[in-house]
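# Architecture at a glance
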Amino acid sequence: MIYNKMQNMVSIPLVVLCSINLLLGQNNKMENRNLNTLENHLQYGKFANGFSYYIKQSGDNSGKIHLNLLVKVGSLQEDENQMDIAHAVEHLVSEGSTNFPRGIKQDYEKFAGKGVAYKIFNIGLDKTEYQLIVPTGNGEAFNAAMLFYKDILSGITLSETDINSERGVLRQEFISQTDQNLETIMLQSSLRSQLFPCRNDFSTFFRHNKDFPIEEVRKFYRDWYRPDLMTLIVTGDIVDPLKLQNTITKTFSNVPNKPNPRPIKNCDSLYFTQPDQYVVIERNSDSIKQQKPIRTEIQLFFRDPKMAKMPSPFGRAKRKLIWEAMTRTLNDRFKEQSNEYLNTFDILSRYSYKSHPPALKLELNSDPGEETLGLKRMMYILNQMKEFGLKPEEWALVKNELLSGLQGLNFKDSSFLLNQIRDFEIYSEGMGEEEIEKQIYWLSHLSLPELNRSIKNMIHLSPNDIGIITSQNSGISKFSEQQFRNEIQKVHKRPLQEYTPLETPNVLMNENTKKALEPANYKTIGVGAYGEKILELQNGVRIILMNYTPTSGFNQEKIVLHGFRNQGASSFPEEDYFSSINAPKIVKNSGVGKFDKFQLNRFLKNNSFWQGVQPYIEYEETGIKGSADPQDFEGLLQLIYLFITQPRQDPLAFKDWKKNEEAFIENPPSDKVYAYLTDAIAELLDDKATTLNGARALKGIDNTRMDTAYRIFDSLYGNADRFSFIITGAFQEEKIISLVSKYLGNLPSNRRSLPKPTSTDYSKIPKGPIFKEFHSPFPQTSDRYTTKFIIKEKGVYDWQEEIKVQLLGMITNHKIQFLRYENKLSVYQKGAMGIFEDKLDRMEVGVTIACQQSDFKAIREACNQIYVEIKRGDFEKAIFEDSKSNLANYYREAYMERNDQMNNKLYEVYRYNRILPDSNQALDYIATLSKEDITDLAKIYFQENNRYEFVWRANNQ
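Counting from 1, residues in each chain are numbered in the order their sequence is written. Only residues with pLDDT of 70 or above have their local features reported here, since the model is predicted, and side-chain atom pairs are shown and tallied only from 80 upward, although totals for entire chains, interfaces and linings are computed over all residues. The basis for every side-chain value is the complete set of heavy atoms in the structure, and neither hydrogens nor water enter the calculation.

### Focus: the pattern of salt bridges
In plain terms, the rule: Between Lys or Arg on one side and Asp or Glu on the other, a salt bridge is scored when a side-chain nitrogen of the former is within 4 Å of a carboxyl oxygen of the latter. Going along the chain from the N terminus, every DSSP run of H or I of four or more residues is numbered as a helix, and every run of E of two or more is numbered as a strand. Burial status follows relative accessibility: with a 1.4 Å probe on protein chains alone, a residue under 20% of its type maximum counts as buried, one over 50% as exposed, and anything between as partly exposed.
Tallying each qualifying case throughout the model produces 60 salt bridges. Linking Asp576 and Arg711 is a salt bridge whose minimum nitrogen-to-oxygen distance equals 3.6 Å. Placement of the pair is Asp576 in the loop between strand 18 (559–565) and helix 19 (577–590) and Arg711 in helix 25 (residues 706–717), with a sequence separation of 135 residues. With a relative accessible area of 12%, Asp576 lands in the buried category. Residue classification places Arg711 among the partly exposed residues on the basis of a relative accessible area of 36%.

### Things to note about the state of the cysteines
For clarity, the threshold we go by: Whenever a pair of cysteine sulfur atoms sits within 2.5 Å, that pair is classed as a disulfide.
Taken as a whole and assessed by the stated rule, the structure comprises one disulfide. Between the sulfur atoms of Cys198 and its disulfide partner Cys267 the distance amounts to 2.2 Å. One disulfide, between Cys198 and Cys267, carries an S-S torsion of -105° and so falls in the left-handed class. On the criterion of sequence distance, the pair formed by Cys198 in the loop between helix 4 (182–195) and helix 5 (205–211) and Cys267 in helix 8 (residues 267–273) is long-range, its members being 69 residues apart. Looking at Cys198, the relative accessible area reads 17%, which means it is buried. When its relative accessible area of 4% is taken as the criterion, Cys267 is described as buried. Cys851 takes part in no disulfide bond, and the closest cysteine sulfur to it belongs to Cys863, at a distance of 9.0 Å.

### Focus: the layout of surface pockets
In this approach the atoms are scanned with a rolling probe the size of a water molecule, which exposes any empty space left behind. Applied cut-off: Two kinds of site are reported from a 1 Å grid over the protein atoms alone, namely cavities, where a 1.4 Å probe fits but cannot get out, and pockets, open sets with protein on both sides within 12 Å along at least five of seven lines, and residues are called lining when an atom falls within 4 Å of a point. Grid points are joined across faces, edges and corners, and a volume is the space filled by probe spheres set on the points. Classification convention: Asp, Glu, Lys, Arg as charged; Ala, Val, Leu, Ile, Met, Phe, Trp, Tyr, Cys, Pro as nonpolar; all other residues, Gly among them, as polar.
Taken as a whole, the second largest pocket holds about 510 Å³ of empty space. Elements with a minimum of two residues in the lining of the second largest pocket: helix 11 (313–337), helix 13 (392–407), helix 14 (414–427) and helix 15 (433–444). A total of seven residues in the lining of the second largest pocket trace back to one element, the largest contributor, which is helix 11. Of the residues contributing to the lining of the second largest pocket, the split by class is nine nonpolar, six polar and eight charged.

### Things to note about helix 32 (residues 919–928)
Note the following rule: The arc in question is formed by the directions pointing from the helix axis toward the C-beta atoms. Two residues qualify as a contact provided that any one of their heavy atoms is within 4.5 Å of a heavy atom in the partner residue. Any N or O atom pair separated by 3.5 Å or less is treated as a polar contact, with the protein-specific requirement of one donor-capable and one acceptor-capable atom, and with residues adjacent in sequence counted only for side-chain atom pairs.
By the burial criterion, the buried members of helix 32 are Ser919, Ala922, Tyr925 and Ile926. Viewed along the axis of helix 32, the buried residues span an arc of 140°, placing them on a single side of the element. Residues of helix 32 that are exposed and point over 90 degrees away from its buried face: Asn920, Asp924, Ala927 and Thr928. Where helix 32 is buried, its residues touch helix 27 (799–821), helix 29 (877–889) and helix 30 (893–896). With a side-chain oxygen positioned 3.2 Å from the backbone nitrogen of Asn920, the residue opening helix 32 is Asp918.

### Let's talk about the confidence of the model for the chain
Basically, it comes down to this: Per residue, pLDDT measures the predictor's confidence, with a range of 0 to 100.
Residue-level pLDDT values for the chain average 91, and 93% of them are 70 or greater. Here residues 1–38 scores under 50 on pLDDT; set against residues more than four positions off or in separate chains, the count is 105 contacts.

### Topic: the environment of Tyr530
Relative to the helices and strands, Tyr530 is located in the loop between strand 15 (522–527) and strand 16 (533–537). Separated by 386 residues in the primary sequence, Tyr530 and Leu916 place their C-alpha atoms 9.8 Å from one another. If we skip the residues at most four places from it in the chain, Tyr530 touches Met546, Lys905, Leu906, Val909, Ile915 and Leu916. A polar side-chain atom of Tyr530 sits 3.0 Å from the main-chain carbonyl oxygen of Leu916.

### Let's talk about the environment of Ile85
Inspection of the secondary structure assignment puts Ile85 in helix 1 (residues 85–92). Residue classification places Ile85 among the buried residues on the basis of a relative accessible area of 0%. Each C-alpha atom, one on Ile85 and one on Lys219, is 9.7 Å from the other, the two residues being 134 residues apart in sequence. Setting aside residues up to four positions removed in sequence, Ile85 forms contacts with Glu78, Phe212, Glu216, Val217 and Phe220.

What follows is the structure, given as structure tokens:
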């Protein structure tokens, strides 16, 4: 052991059991924890001032070290008048400090210029994280990161100018996360604040953001940013841990702690000692009049105080795994209840001790008038689970899923190690390979009777807390608490029958059907430029096989397939456009052969291609995508065969698709403004190639005809001789050829002739410059400003030009970030990129910024100044080199040889007849690029006649 200005600093080369208590007298989440099973090469230290650290070598040879300064305080410690102040402090640490007076973004040469990369700065309920990455062996970068972390601890400026400037940024971030569902999110926040202690009500966010006292920011920082509440976690490709340890000691050991430190509120304890809650929140009647009926949301919470009191990480892990097995199975059963077309409610279960105090949560989202029926079904299924537990087949499935998750943990992944140490610090979760091995052993030996006994003891049939968001004057809003709880009690009195699972298909095709498909003859065409084998099947289908070993990444172990042909919606009359592009969605929603969507999904759930296939029809292309493990690839091919040859037609499924598609467009999971703005721009530029997801897509639902959609589907997919299928991955080539000959070789050909596609010349876009405003048809509180600089390609694709455009986009993106940090503008959601638009055959450099209308003029002027500066080369050399380095990462073999990337590359080659560079060619070219090359390119692109500006104006209803 080594002692140096510390209470404890322990270097642990082997597995050691030692007991520590890092945060005496604080939240019981952080007390009485065992530092069990620490692995090789982990060092732990704690200084006299309470600051602690971990250093853990991952052995990943990545050349990177991951850093996380963990502040063990989050928004739960805010006072009632400090809403979003913890978040404000998380922002302001970057704005100015002792060692970085201009802020780390503007002091580029002192921080990012030395090699420090930002990973994520994040505020949570019970923690705040500042994650950085530095190169292995780069002492300057590590020292700069440590100086910044020391500043976070005791040297943040928090000037009045910075705080007031950040108000607008915080507002824009809030808007970016809530704008399309602002009222619902406000109501949910109000509900949580009444159900759980320590939660602020964000329904008053905008007023508070404008008026919060500056001194409250400084007070929060003084109260909570102190050594005894901070832990530094260092993981990754660490060569000299002792050197890092010495730097950490020198930097943090002498930082004084604060006298009379403020105690942390134990919010879990407050929750478990408060009375049961019943909260009903009604929607504003004006908003309801403007929209279609909005679903009622019912949340039931069943408290789990035993988890909060459990001191053993292993005991917590076991209890968590039982809850996980139970909720996964409950969700499968709940999903079965909504497995009908035009269903009127959805139910979901979730257990958590992170997003709220330890509790089981049941959530019902119901159409108006269906709340009572949904509540009864939800509680009946919960009763079934308590009384009878899991069925053997359910336990086998969920047990395998949980074991696979534990066995698949990568202890050489730096991010995983960092998060594991963090969760040990915050939630007393187990840490280390030996701890996970204990969980695996316990779970693998857990019997079904033991599991069901635990479930019976853990489930309580009466919820502690009830939260409801509903429309005014709805039936459920008139219920008193006693009436609502009486409805639940009625369900408990019903006779219970043991759960019987719905029948799940074992196969897609029976043996007789498979035997009837004789493998088609094929001929070998040759070998392509990248080593791919080219075959042609008897029916005219072209097969491109790339049998290789993919590098690490998504779908590494799978076989990836993409089939396509060069005709699409343009081959049909304009009035059939929406019937064309919606046809694959309609078929997928209906099912294939004798299986409806729900039967098919039950089959897919147990396969590696659980997402099924992804068919699409675009303006000038038709295709289908999918991926599967090698042992399931035959099943994927069977699904493609059935999808093309036996699409199921069902009028009820068509109505269900219309209902769901309308709901998806009106309340998308991603950026609604982006979808609507993209639609509007495409219409203005006469761009038929861009997929519609906004206003025109919404109108197009009513213009979609079921019979027309199926006729077009049959015409496009029924001519197999026009299709090419690209198949990539590591596989047994002879086996794959046999399978594609059997299934793809029997796809029909020349079933229906197609008219000649409508020709489209995308070079005939309106002449620039163009400035166009659009006005949002839905409530929205922020503008969206988009600028595109468009250059039409001259007939021949040039990969070197594309690389230069990508680099120009990255440099522009660097400069755009300074709108917030240098210009002090209220900008959060922003970005720029340079791309080649495949389907439009043109290069674009685009900038998109979300902003308040009052800031628009200043932002537009600042952007124009950025374009001028780039044209004259007014950007730091470090930014140029950093952009080149980032761009090069996308052309390194480790990235280009990923399975999805290889499949996409071959698609570009065979779809557009392009010649693409290999990794070495691209990297060599990037290395030759100079600032002058980019400034010369900017002078061409950033011209007025290439400029197209669009503003999506807010609708502040």
